[in-house]
Structure formats: structure tokens, C-alpha cells
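Here's the letter readout for the chains.
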Amino acid sequence: MYNEKTFRELKQRIIALEREISNHKQTEKILREKSDLYQKLLNNSKIVTYRREPSGQFPITFISENIFKLCGYQKETLTDDPQFWSDRIHPDDKQQVFSDMAYLLEKGCCSHDYRFLHGDGMYRWVHDELVLIRNKEGRPVDILGNCLDISDLQKTKEAVDKTLLLLKASVETLKGVIIFAIDTEYRYLFFNEVHRKGMRDAYGTEIAVGKNILDCIAKNFDRQKAKTDFDRALAGENHISIHEYGEILKAYYEIIFNPIVNDKGDIIGTITIATDITERMRTERSLRQIEKIESLKCMAGAIAHRFNNQLGVVMGNLELTLSGLQTDFTLRNNIQKALEAARCSAETSGLMLVYLGQSTVAGELIDLSDVCSRYLPTLDASITDTVIFETDFMDAGPIVLASASQMQQVIVNLIRNAVEAMGSNDEKKIILTTGTILPHDLPKSHLVPPDFKPTANRYAYLEITDSGTGIAEEHLDKLFDPFFSTRFPGRGLGLAVLLGIITQWDGAVHVDSKTGGGASFRVFLPLQGSEAIPLAPEAAPIRLVDRPMHSVLLVEDEDTVREMFEKLLEHLGYSVHSAKNGAGAIAFFEQHQNEVGCVITDLTMPDMNGWALIAALRGIDPDIPIILASGYDETDVMGGRQSERPQVFLHKPFMLNDLNAALRKAMDKSLS
């Protein structure tokens, strides 16, 4: 029989056992609840968990319930058939998948993407993450894996890839445009082929996605400059820079740097677009150079006109002095030489205006061959006695629109140039040829002006070829620069003037030569279809007329020129009333118009120019004879549509006979 003590101990053990059973039940309940929760989470998860054997076809031994959602099969279908999984891998992916499994057995883990045949008969993209389990001896015993359907992600990726391909194709069509993107660590995200080639050519480096662009820029200066621009963009600044590359053949790029910002507003890199603007920069520089040249031309023109005025003073005073010397023949001879030198200086000033395009004359239809034939017999004997001339002229024509006197000047310059080029050669020969040519047959090189573009259907030409020493290649493009000469420094104005004349008539000049082979100059002018106007004989020199007792109103703003004018007019027998501006002339004329037989006015004056003064004076007296004097070309001055015009234009500088003839002509026209 049990005693009371034994019974008490037994009871305590029973209570402890009941408590332990209760705890176990509670633990089992918690575990079951957690298991149910885990199973619910697993079944509702997009990730499928599975186990498979590490051999053969790697058959699946366990797979979670949510496999049906992933691939449309019950889990028993995959676990009962060892080859079910491998048989449903896309044929194009199977080799890579089993290669990855071999890698798993060697390295212990792997991941891969492949296409798996869904229960609906369509392939889906899946992503696998696998881990190999080994026992204590290191032998593979199990493979644990997680699988995720990435079909939607793959479609997005394919769409992005397609977009990138289209973008890249579009970018590649942008000729000469460089485009690339880098991340915040200066690593390439994207670049086009133009950039790849440019980096290879500039630095000899091959670029790749993920490579640091700064490591690809070989030159330290370029690297630092690029980093500064990238850092500005990475700091959020959109900016544009112009960079110069190359030491001999310089290239210029306009580069746009923009930050790349994600959806959260964070800067994740920069995109850079660079455009080759070398031609634009060269064009802009050429335009700036042209502007400078135009400014210099204006300045040179102003200097030439000023020079003309002062030469007029010199020539006028020399003529007056010469007329007063009747017996001192030595002094008369010296002054005569000074006067001739001043006249030559005036001609040089005129030539400068021709070159600058500020001196034009009226054109006429002339026979180019006829002009040459008429001029050659007038050449100086020192030339014709030492040079053999041969001609090959057209029987009639070619007809061009030009000035006969200017074309004679062209022939003079070319023949003089040829004679000097032949120097002391034993056989000196010059050949003159005329003809016609089609625009597409015009020479392409060494044709000036450089921007010449043919506009006529056919061109006439005059060619002058010499047997001289020829012209070096490096000098051909400089021949028509003012004062350029390889023989006499400072004397090379002839060809520059020639070019000024020819371009005035929409023509061009070509030179063909080489050292030791003589030179050939061809002048091209638009061919005209009508008959030429016969050349008029030269006018006889004007003789000094009797001194008519008339009164002249002289208007000239420059004191020295006005004083010279007064002396010449008084020498011719005129009484002179002078005014230094238009207002003074009008005030005098209003009071003394019956005392004025003729008005001589300068064109360019402050406040009121010559044209305004002529209109004002004709408003007072419509019949007053007026002479307009100017250093500008008569065609330019008289080519406008002014309502009131002078009887005579007097070009400065002028000789005494010129002034006397102008006065007689003005008064004769007024009387008629």
C-alpha cells in the first residue's frame, strides 16, 4: 500500500507532467500557427521555394504550393516526374542553364534567367537563385532554390533595349554630333560611335561602358578641363562650353553639359552633347576679318580722298607758280617735274580707289580683240624693240561690257608685269589670246576673287602668256595683294588694280605658272551678245581760253583747298566770292544772286552737302550754272536720282585747263 508521502510525490509528478503536456500543446499550437502563417505567406508570395537533388537532371523533391501561380502546374506534377522541369526549359536556354548548374556544383551558388514553358503553352521568363547544401564530409546532398517570374520585367527590359537601340540609331544619324552619358563616378553609361572614334583619334584610347572617362583622356590639361565641366553638371548646372582641340589643325566643339535627374530628384550623372563648330568658327573669323578689311578699305578710301584734296592744292599752286616764270628755264623745269610727280601721285591715289571699289566708270559694249589691237601699236619702243609679240585674236569679238580705258589699263599692267618677269632672258616673248569659255570649264584653282561664282552663260577671256622665270607656287595666292611683289618691294599695285577693275565688271582672273616655266594670266568677263560700240577718238587737249569777266561763288569747307581754288579762278580772270559752308553760300546768294555767274561747290561738307546746297540755290534761281567738285568717282556721285543736278562734274585733283573747261562748259550749257 502506498503511504501518504509516496502519494503526494506521485501527485506532484502528475501535475508537472500535465503542465509539461500543456506547454507542449501550446508550443505545438504556436508552431502550427506559424507554419500556417508561413505557408500562407509562401502561397501568396511571388517567389517559389523548392528543393532538388544535386545530380542527374536535378529532379525537384519539394516545391511550394504557389508553383501553380508561377507556371500553371500542380506541385505533384513537378515532383513526380524527374525530367518534367528540364523538359520544359526553352531549347535555346537549356545549354546555358545546365552549364550554370555545373557551376553551382563547383562554386556552391549561382543565379540565372531562362524561359520556362507555362501550363498555358506560353514561355515565361523566370529568375533562379540556387544554393548547394553539403554534409559534414563535403558531399553535395541538397539544392535549395528560389524562383521568380520576371516576364513583365523582361518585357520592360526588351522595350527599354529597343528604345535604346532606336535612340542609338537616331543618335548615330546626327553627323558629327558626339553624345555620351556618365554617372557620378565619371563612368560611361552610354556613348555613340562618333564619340568612340573621336576618343580613339584624339587620345588613342578605347572606351567602354563602365570605364572612367577621365582615365581615357590622355592629356592632363584636357582631363582637368573636362572634370571641371562634369563637376558643374553634377552640381546641377546646365551649361555650354566651347573647347579647342588640336595643335596644328585646330578643331572647335560646342559642348552642352546637362545633369541627369531620377524620379526622386537625385542627380545620378550627366549627359553631354558636343557639336563640331570648326567651320562655323572659321566662318565667323572670316567674317570678322572681312569686317576689318572693309573698315581698312573705308579708311584707305578716306585717306585717298584726303590725299587727292591736298594734291590738288600742290598742283594748283605749282601751276600758278609755273605760269609766273617766263625766263628762268631751270626753275620752270624743276617745277614742271614737281607738277608731273604730283600728277602721278594723283593717278596712284586713283588706282587705290579702283582697287578699293570706290571708283567706277560707265560701261559700254566693247570688242576685246579690238581694244588689244588698237593698244599694242602705242606701246613704248623700249618694249616693242626687245619683246616678240604674238597674237591669236578672234576675228570678231568677244564682246564684253566694260570700260575701254580700264581694259587698256588691264593690258598695260599685264604686259608690264610680263616684261619685268622676263628680265634679261635672251628670248622674250609675250602671246596675247582672246576667246570664249563655258562656266563649267573655268579653272578651279588660283582663280580670284576666291568667292567668285559664275553667273553668265558664257565668258570671254583675254590671256597674256610670257616666257619669263615663272612664279613660285607659294606666291600664286598673294599676287593680287596690294604692293606684293617678288621683284620690287612696294611696287606691286598693278595686279591689285587689275583685280579691282575686273571684279567691277563681274569677272575673275586666273594665273597659271610654275618656277622656270613662264606665266599665263587669263581675264574672264561675262560674254555679251550685242555688237560693240566703236571706240571714240581721244579728245584734243583743252587750250586756255580768254579771260571772261564773270563772277564765281566758291563753296569749299577746307581752307587750303578753298585758297588754291580762289587763286586759280583769279588767274583765269574770274572774280571770286567764297563761302566755307552751305549756309554761308545761301545767305550770300540770296543777297547777291545777280552778281554770280556760276557756282562751284564741294560735294562733302559738314551740315549741308553739295546736293542739298544745289537744291537750295536752284530754289532761289533755277537757271544758275553749277559745278559739283569731288574726289569721288563721277559715276558714283552722279548715279543717284537727285531732283536738281549740276551742269558739270569736276573731279579732284584737277589741272588749270580742267577748271577752265568746266567753267566754259557749265556756262555754255546754261545758255543753251
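To be clear, the structure that these remarks concern was listed above.
Conventions adopted
Residues numbered from 1 in each chain as written. Predicted model: local features only at pLDDT ≥ 70, side-chain atom pairs only at ≥ 80, totals over all residues. Heavy atoms only, no water. Phe/Tyr/Trp six-rings, centres within 6.5 Å; stacked < 30°, edge-to-face > 60°. Helix = DSSP H or I, 4+ residues; strand = E, 2+ residues; numbered from the N terminus. Buried < 20%, exposed > 50% of the residue type's maximum accessible area, 1.4 Å probe, protein only. Salt bridge = Lys/Arg side-chain N within 4 Å of Asp/Glu carboxyl O. Patch = residues over 30% accessible without salt bridge, like charges linked within 9 Å, V, L, I, M, F, W, Y side chains within 5 Å. Areas by Shrake-Rupley, 256 points an atom, 1.4 Å probe, with all protein chains shown as cover. Lys, Arg positive; Asp, Glu negative; His and termini not counted. Charge placed at Lys NZ, Arg CZ, Asp CG, Glu CD. Pairing = 2+ DSSP bridges. Axes fitted to C-alpha atoms, helices over the stretch in contact; angles between N-to-C directions. Contact = heavy atoms within 4.5 Å. Polar contact = N/O pair within 3.5 Å; in protein donor to acceptor, adjacent residues only side chain to side chain. Expected span 1.5 Å × (residues − 1). Arc of directions from axis to C-beta. Left-handed = near helix turned anticlockwise from the far one by under 90°. Nonpolar A, V, L, I, M, F, W, Y, C, P; charged D, E, K, R; others polar.

(A) Region of interest: the packing of aromatic side chains. For the coordinates displayed, the defined rule picks out 10 aromatic pairs. An angle of 50° between the planes, with centres 6.1 Å apart, marks the rings of W85 and F98 as tilted. Taken together, the residues W85 in helix α4 (residues 84-87) and F98 in helix α5 (residues 91-107) connect sequence positions 13 residues apart. Classification of W85 by relative accessible area gives buried; the value is 6%. Where Y188 meets F191, the ring centres are 5.3 Å apart and the plane angle is 70°; that geometry is what we call edge-to-face. Here the two residues Y188 and F191 agree in accessibility, since each one is buried.

(B) Focus on the pattern of salt bridges. For the structure on display, the rule yields 18 salt bridges. In this structure, the salt-bridge partner of E556 is K652, at a minimum N-O distance of 2.9 Å. Of the two residues, E556 is situated in the loop between β19 (551-555) and α16 (559-571) and K652 in the loop between β23 (648-651) and α20 (656-671); the sequence distance between them amounts to 96 residues. Like E556, the residue K652 is buried in the burial classification. For K652, a relative accessible area of 3% gives the class buried. Residues joined in a network through salt bridges with shared partners are D120, R124 and D149.

(C) Molecular detail of a nonpolar patch on the surface. Nonpolar side chains collect at one region of the surface, where V131, I133, V141 and L144 lie side by side and expose about 280 Å² of accessible area between them. Of all elements in the fold, only β4 (123-134) and β5 (140-149) reach the threshold of two or more residues within the nonpolar patch. Looking at the element boundaries, L144 is found in strand β5.

(D) Focus on a negative patch on the surface. A cluster of acidic side chains, namely E76, D80, D81 and D87, defines a negative patch on the protein surface. Residue position: D87 is located in helix α4.

(E) View of the sheet that holds β19. The five strands lie next to each other as β20-β19-β21-β22-β23, forming an open sheet whose pairing is parallel. A single partner strand is all that each edge strand has here, and the edge strands are β20 (575-579) and β23. For this sheet, the mean inter-axis angle between neighbouring strands, taken without regard to orientation, is 20°. As defined by bridge partners, β19 adjoins β20 across five bridges and the pair is classed as parallel. When the bridges of β20 are listed, S551 appears paired with S575. Against the sheet, α16 makes contact with β19, β20, β21 (598-602), β22 (626-630) and β23, and its axis sits at roughly 165° relative to β20, the strand it touches most.

(F) Layout of the sheet that holds strand β16 (residues 459-466). Across the sheet, six strands lie side by side as β12-β14-β16-β18-β17-β15; this open sheet has mixed pairing. Across the chains shown, the open sheet's two edge strands, defined by having one partner strand only, are β12 (388-392) and β15 (447-448). The sheet contact formed by β15 and strand β17 (residues 508-513) spans two bridges and is antiparallel. By the bridge assignment for β17, V448 is matched with V509. Contacts from helix α14 (residues 404-422) reach β12, β14 (429-437), β16 and β18 (519-526) within the one sheet, and its direction differs from that of β16 by about 25°.

(G) Focus on the side chain of D367. By the secondary structure assignment, D367 is in strand β11 (residues 364-367). Of the polar contacts made by the side chain of D367, one reaches the backbone nitrogen of G397; its length is 2.9 Å.

(H) Broad picture of the pairing of strand β10 (residues 267-276). As judged from the seven bridges shared by strand β6 (residues 177-183) and β10, these two strands associate in the antiparallel manner. Note on β10: the bridge partner recorded for A181 is I271. Across nine bridges, strand β9 (residues 251-261) lies against β10 in antiparallel orientation. Note on β10: the bridge partner recorded for N258 is I271.

(I) Spatial organisation of α16. Over its 13 residues, α16 runs 18 Å from end to end, which matches the ideal 18 Å to within 8%, given 1.5 Å per residue. Within the span of α16, buried status applies to V561, R562, M564, F565, L568 and L569. Each buried residue of α16 sits inside an arc of 160° when the element is viewed along its axis, so together they form one side. Positioned one or two residues after α16, G573 has a phi angle of 100°, which is positive.

(J) A look at the environment of Q528. Relative to the assigned elements, Q528 resides in the loop between β18 and β19. The class for Q528 is partly exposed, based on a relative accessible area of 30%. If near-sequence neighbours (up to four positions away) are discounted, Q528 is found in contact with L365, I399, V400 and L401.

(K) Fine view of the packing of helix α12 (residues 368-375) against α14. One can describe the packing of α12 onto α14 by two numbers: an axis separation of 10 Å at closest approach and a directional angle of 65°. In the packing of α12 onto α14, the handedness of the crossing is right-handed. Between α12 and α14, the residues in contact are L368, V371, C372 and Y375 and A404, M407, Q408, I411 and V412, respectively. Across the contact of α12 with α14, the residue classes break down as eight nonpolar, one polar and no charged.

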